[in-house]
Amino acid sequence: MTDNLITVAANQFKPKGTIKDIQQYGSGNINSTFLVTFNSQKPFILQRLNTTVFTQPKLVMDNICILSDYVRQRLNPDNILQNRRWLFPQVLLTKEQKNHWQAADGSFWRAMSFVDNSQSFDTIQDLQHAQEIGYGLGMFHHIVSSLPVEQLADTLEGFHITPGYLEHYNSVLATAKVKQSPEINYCLKFIRDRPTLPHILEQAKAAAKLKLRIIHGDPKINNIMLDCSTKQSVAMIDLDTVKPGLIHYDIGDCLRSGCNRLGEETDNWEKVLFDPDLAEAILRGYLKVAQNFLTAHDYEYIYDSIRLLAFELGLRFFTDYLEGNVYFNVRHAEHNLARALVQFKLTESIETQATAIRNIIEHLR
Ligand code: ADP
Ligand code: GN1
Ligand code: MG
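Calculation criteria
- Residues numbered from 1 in each chain as written.
- Chains lettered and ligands numbered in written order.
- Predicted model: local features only at pLDDT ≥ 70, side-chain atom pairs only at ≥ 80, totals over all residues.
- Heavy atoms only, no water.
- Helix = DSSP H or I, 4+ residues; strand = E, 2+ residues; numbered from the N terminus.
- Core = buried A, V, L, I, M, F, W, Y, C linked by side-chain atoms within 4.5 Å.
- Buried < 20%, exposed > 50% of the residue type's maximum accessible area, 1.4 Å probe, protein only.
- Contact = heavy atoms within 4.5 Å.
- Donors = N, O, S within 2.8 Å, 3.2 Å for Na, K, Ca; no water.
- Polar contact = N/O pair within 3.5 Å; in protein donor to acceptor, adjacent residues only side chain to side chain.
- Near = heavy atom within 4 Å.
- Areas by Shrake-Rupley, 256 points an atom, 1.4 Å probe, with all protein chains shown as cover.
- Nonpolar A, V, L, I, M, F, W, Y, C, P; charged D, E, K, R; others polar.
- Domains from an automatic or database assignment.
- Buried area = accessible area lost by both parts, 1.4 Å probe.
- Salt bridge = Lys/Arg side-chain N within 4 Å of Asp/Glu carboxyl O.

Glycine aside, residues mostly have negative phi angles, and peptide bonds mostly take the trans form. The backbone of alanine 208 shows a phi angle near 65°, a positive value even though the residue is not glycine. Phi angles above zero are rare outside glycine, and asparagine 325 is one such case at about 60°. Note on placement: asparagine 325 falls in the loop between helix H10 (302-323) and helix H11 (335-352).

Written out as structure tokens, the structure is:
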């Protein structure tokens, strides 16, 4: 990707005025993100979508636009925000009024309004941050809860269907040249020892205990923006995976991401722990908004979703490592192995504290 291509892409979306600067931005694992700034107007976010992951990028943009129109209508008449600042990033159109721009080399670009005076973090800061992360996810679920699931397309088939990831892992393992090391053996054994875990949410879905709703799909903590002044959550970004799914994928992903104080990129994987106090704070924040739409079955599967989503991400990272890093952006060849170890260690810590975590959930009901 050349600087020139990035500038050409930015110019497709720019309102008026001259671009002052374009800088690589954020720390996402999938897309390429840039901040485009001007002298006298608001900056915007420019992204090149990863079309290896999102093979139908137009569908992704259509989903985001449908959602954005719906949210705008919903936010106006309802006073669901309770006087809080809450934004939904807007899709910016090209001069031809399209929601994306495709370059001659096939690269797919889009632009979003910048959520100003806000910040996201890769690791949890404190209990208030944790509570706001939960509140942000709850607010998102609440706002989209009345949008019929049929209105959004499935932009990433198989996303969070853990048995599918296990099947893929087994087929990769069958042909991969697996090196021998204590870390690799730990991962292999970790997966082998948990044959029933991958099926838990899909079985509950098949038994109609859990039903499809609109989900965010990727509510890790750096996708929830906090207002720099009030420290309250103000927006959920990274809307590529908004689609029908189980809210448990979101709840589990949010907690596995928010309750690991060392963060998912730590080199200190053996020290990784799941912090139940942070879990309590995130769930408390979430339930402030979500209590009304959770069923008894929903509560029953919260613990399983936390354990499963940590395990699932470990499985996805480890498979990607064995496959030669074809999915996640990596900085070195062993990066996905290091990430897998963190998630498996986190899963272990969740399992060790199962009773305490279940008690927290029960207590908050
Ligand atoms: P990825 O899919 O690669 O994770 P994201 O959409 O999450 O890409 O963007 C990467 C980072 O860029 C985010 O973590 C956030 O810091 C920043 N970012 C993305 N969109 C916005 C936005 N609309 N306003 C402010 N910051 C944003
Ligand atoms: C990816 O795009 P980003 O970095 O927010 C991934 C998530 C993982 C996450 C782990 C579409 O999210 O599922 O949980 O990395 N997104 C996709 O950091 O696969
Ligand atoms: Mg992201």
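Residues Leu67, Leu255, Phe274, Tyr286 and Phe318 are the most contacted members of the largest nonpolar core, which totals 101 residues. Ranked by the residues each element gives to this core, the list is headed by H10, at 13 residues. In contact with leucine 255, not counting residues within four places along its chain, are Phe274, Ala279, Ile282, Leu283 and Ile306.

The subject of this paragraph is the coordination of the magnesium ion (ligand 3). Taken together, the protein ligands of the magnesium ion (ligand 3) are Asn223 (OD1) and Asp238 (OD), with distances of 2.2 to 2.4 Å. Here the residue asparagine 223 occupies a position in the loop between strand S8 (213-215) and strand S9 (224-227), and aspartate 238 occupies one in the loop between strand S10 (233-236) and strand S11 (243-245), the gap between them amounting to 15 residues.

The residue serine 118 is located in strand S7 (residues 118-119) in this model. Accessibility expressed as a relative area gives 10% for serine 118, which makes it buried. Within the local environment of serine 118, its side chain forms a polar contact with the backbone oxygen of valine 115, the two atoms lying 2.7 Å apart. Aside from chain neighbours lying at most four places away, what touches serine 118 is Met225, Leu226, Asp227, Cys228 and Val234.

Around ligand 1 lies a shell of 18 residues, among which Asn31, Gln47, Ser113, Val115 and Asp238 are the nearest. At 3.4 Å from an oxygen atom of ligand 1 is found a main-chain nitrogen or oxygen belonging to isoleucine 30. Between ligand 1 and serine 120, the relevant distance is 3.4 Å, taken from an oxygen atom to a side-chain nitrogen or oxygen of the residue. Burial of ligand 1 by the protein chains amounts to 95% of its free accessible area of 550 Å². Class assignment for the residues of the shell around ligand 1 results in seven nonpolar, 10 polar and one charged. Each of two domains, domain 1 (1-114) and domain 2 (116-365), supplies a minimum of three residues to the shell around ligand 1.

So, on to the domain arrangement of the chain. When cut into domains, the chain gives domain 1 (1-114) and domain 2 (116-365). The C-alpha centroid of domain 2 is placed 25 Å from the C-alpha centroid of domain 1. In this assembly, 32 residues from domain 1 lie in contact with 41 residues from domain 2. On the domain 1 side of the contact with domain 2, Asn29, Arg84 and Trp86 bury the most area, a combined 24% of that side's loss. Seen at the junction of domain 1 and domain 2, the total is four salt bridges.

Turning our attention to the site of ligand 2. In the region of ligand 2, 18 residues are neighbours, and Asn29, Lys220, Glu264, Arg316 and Tyr327 sit closest. Contact between ligand 2 and arginine 316: an oxygen atom at 2.8 Å from a side-chain N or O atom of the residue. Coverage of ligand 2 by the protein chains reaches 98% of its 440 Å² of free accessible surface. The set of elements that each furnish at least two residues to the shell around ligand 2 consists of helix H7 (247-258) and H10. Considering every element that reaches the shell around ligand 2, the biggest residue donor is H10, with three residues.

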